[in-house]
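The chain contents come next:
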Amino acid sequence: MWQEFVSSFEEFQNSLIDQSPEIALGILMLIAFTFLGIFLRSVTQKRLSRRVEDRLLVNFIGRMIFLVFLICGITIFLNQIGLGKTASGLLAGAGVSAIILGFAFKDIGENFLAGFFLAFSRPFGTGDYIEVEGLTGIVKALNFRNTHIRTFEGKDIFIPNAMLIKNPLINYTRDGLLRHDFVIGIDYGNDILEARRLILKSIRADQRIEQGNDLEPFMLLEEFGTSTVNIRVFYWINSYNFTGQIARLKTEVMNSILLNLTENGFSLPADIVELKIYQEGKPIPVQLMKN
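Since the structure is predicted, the reported quantities are computational estimates derived from the model, not experimental observations.

## Comments concerning the overall build of the chain
No. 1: If you tally the helices and strands in the chain, you get 9 helices and 9 strands.
No. 2: Within the chain, the proportion of its 291 residues that are buried is 30%.
No. 3: Considering only contacts within the chain whose residues lie at least 6 apart along the sequence, 63% involve residues at least 24 apart.
No. 4: Carbon and sulfur atoms provide 60% of the accessible area of the chain, an area that totals close to 19600 Å².

## Examining the pattern of salt bridges
No. 1: A complete count under the given rule lists 7 salt bridges for this structure.
No. 2: The partner of Arg150 in a salt bridge is Asp156, with the nearest N and O atoms 2.8 Å apart.
No. 3: In this structure Arg150 comes out as partly exposed when scored by relative accessible area, which is 33%.
No. 4: Exposure remark for Asp156: the relative accessible area of 40% places this residue in the partly exposed category.

## Looking at the pairing of strand S2 (residues 135-142)
No. 1: In terms of strand pairing, strand S1 (residues 129-132) meets S2 through 4 bridges, oriented antiparallel. By the bridge assignment, Glu131 is partnered in S2 with Thr136.
No. 2: Between S1 and the antiparallel strand that follows it, S2, lie 2 residues; Glu133 among them carries a positive phi value of about 55 degrees.
No. 3: Note: S2 against strand S3 (residues 146-150), 4 bridges, orientation antiparallel. Each bridged residue has a counterpart across the sheet, and for Leu142 the counterpart in S3 is Thr147.

## Here's the deal with the sheet that holds S2
No. 1: Pairing is antiparallel in the open sheet, where 5 strands are placed in the order S4-S3-S2-S1-S5. Two strands bound the open sheet, and with one partner strand each, they are strand S4 (156-160) and strand S5 (170-171).

## Some remarks on helix H8 (residues 192-204)
No. 1: Compared with an ideal rise of 1.5 Å per residue, which puts 13 residues at 18 Å, H8 spans 18 Å between its outermost C-alpha atoms and is within 8% of the ideal.
No. 2: The complete set of buried residues in H8 reads Ala195, Leu198, Ile199, Leu200, Ser202 and Ile203.
No. 3: Of the residues that open H8, the one with a side-chain oxygen 3.1 Å from the backbone nitrogen of Leu193 is Asp191.

## Some words on the nonpolar core
No. 1: Membership of the largest hydrophobic core comes to 20 residues, with the highest contact counts inside it found for Ile184, Ile199, Ile203, Val253, Ile257 and Leu261.
No. 2: The biggest single contributor to this core is H8, with 5 residues.
No. 3: Other than its neighbours up to four places away in sequence, Leu261 contacts Ile184, Ile186, Ala195, Leu198, Ile199, Phe266 and Leu268.
No. 4: If you look at the next biggest cluster of nonpolar residues, it comprises 11 residues, including Ala119, Ile130, Val139 and Ile149.

## Regarding a nonpolar patch on the surface
No. 1: A cluster of nonpolar side chains, namely Phe112, Leu113, Phe116, Phe117, Phe120 and Ile165, defines an oily patch on the protein surface of about 560 Å² accessible area.
No. 2: Among the elements that line the nonpolar patch, the one with the most residues is helix H6 (residues 106-121), at 5 residues.
No. 3: Within the element layout of this structure, Ile165 appears in helix H7 (residues 161-166).
No. 4: In this structure Ile165 comes out as partly exposed when scored by relative accessible area, which is 45%.

## Observations regarding the environment of Asn171
No. 1: With respect to the secondary-structure elements, Asn171 resides in strand S5.
No. 2: Through-space distance from the C-alpha of Asn171 to that of Ile130 is 4.5 Å; in sequence the pair is 41 residues apart.
No. 3: If we ignore the near neighbours within four places in the chain, the residues touching Asn171 are Pro123, Phe124, Asp128, Tyr129 and Ile130.
No. 4: Polar contacts involving the side chain of Asn171 include one to the main-chain carbonyl oxygen of Pro123, which spans 3.0 Å.
No. 5: Looking at Asn171, its side chain comes within polar contact range of the main-chain nitrogen of Arg174, at 3.2 Å.

## Some words on the packing of aromatic side chains
No. 1: Under the counting rule described, the total for this entry stands at 5 aromatic pairs.
No. 2: With 5.0 Å between their ring centres and 0 degrees between their planes, Tyr129 and Phe152 make a pair best called stacked. Linking Tyr129 in strand S1 with Phe152 in the loop between S3 and S4, this pair joins segments that are 23 residues apart in sequence.
No. 3: When its relative accessible area of 43% is taken as the criterion, Phe152 is described as partly exposed.
No. 4: An angle of 20 degrees between the planes, with centres 6.5 Å apart, marks the rings of Tyr188 and Phe224 as stacked. Linking Tyr188 in the loop between strand S6 (177-187) and H8 with Phe224 in strand S8 (residues 218-224), this pair joins segments that are 36 residues apart in sequence.
No. 5: For Tyr188, a relative accessible area of 42% corresponds to the partly exposed category.
No. 6: Taking the relative accessible area as the measure of exposure, Phe224 reaches 59% and is therefore exposed.

## Points about the confidence of the model for the chain
No. 1: When the pLDDT values of the chain are averaged, the result is 76; 72% of them are 70 or greater.
No. 2: Helix H5 (residues 94-104) is the least confidently modelled element of the chain, averaging 49 in pLDDT, while S4 averages 92, the highest of any element.

Cut-offs and rules
Residues numbered from 1 in each chain as written. Predicted model: local features only at pLDDT ≥ 70, side-chain atom pairs only at ≥ 80, totals over all residues. Heavy atoms only, no water. Helix = DSSP H or I, 4+ residues; strand = E, 2+ residues; numbered from the N terminus. Buried < 20%, exposed > 50% of the residue type's maximum accessible area, 1.4 Å probe, protein only. Contact = heavy atoms within 4.5 Å. Areas by Shrake-Rupley, 256 points an atom, 1.4 Å probe, with all protein chains shown as cover. Salt bridge = Lys/Arg side-chain N within 4 Å of Asp/Glu carboxyl O. Pairing = 2+ DSSP bridges. Expected span 1.5 Å × (residues − 1). Polar contact = N/O pair within 3.5 Å; in protein donor to acceptor, adjacent residues only side chain to side chain. Core = buried A, V, L, I, M, F, W, Y, C linked by side-chain atoms within 4.5 Å. Patch = residues over 30% accessible without salt bridge, like charges linked within 9 Å, V, L, I, M, F, W, Y side chains within 5 Å. Phe/Tyr/Trp six-rings, centres within 6.5 Å; stacked < 30°, edge-to-face > 60°. pLDDT = per-residue confidence, 0-100.

Spelled out as structure tokens, the structure:
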């Protein structure tokens, strides 16, 4: 038995030596195709980046090109080392394997196809601020299986691509415009028209607020509250810089309006509470404490 083992090992060693040129050539071809895929990926991404603004699509196409060359290199390597039938069997059985793997790895395949559609339909790009299923953040990368977003709190979230396809997706920076609003309460005794003029004056003085054509700030009478006339103020802003001025703009606008109104004699009262005591003829149960 030991002699048979030694004899088999010698035969394998001799065949390995005889096939060493083919094996070396196969390894060289695999390395060559790998580096060629990397090179073409880099060239394609550089050329596409000059014509296509969407960085996600450029990166996705680059990865696909590299994957194709890698598969070709592996196939040539298998042919060179005498496993050509194995390589042919792998390619011929790709259809059957795809069906089997499709059932076994349904979520992975679903996310891969979703990533393919996202890359070409382009509902968002790198740097866009999106929201899906309550998850919000800035898009960092689109991968084969998931999309990487980063929240304002510094959290990195990897959302499955299928989730972006199946659910409504909100893109806050698609056209660079976003409307903000807030409510301000004016005392019933004040001049509402004058308050409106002062509010619009404060908003129009801020150069960061978009104005012109259909982007003019406006106000609507919201409701008659218990102690104030509530006015809702609307204005448009540039939404490309979510992490910069937008995070502070609303606070600064509200503070500017507050200062302008108070300096011109307007009061912004709190809610008035009416206390009713249903005890006619009896003293009010209130005591004054003296230090």
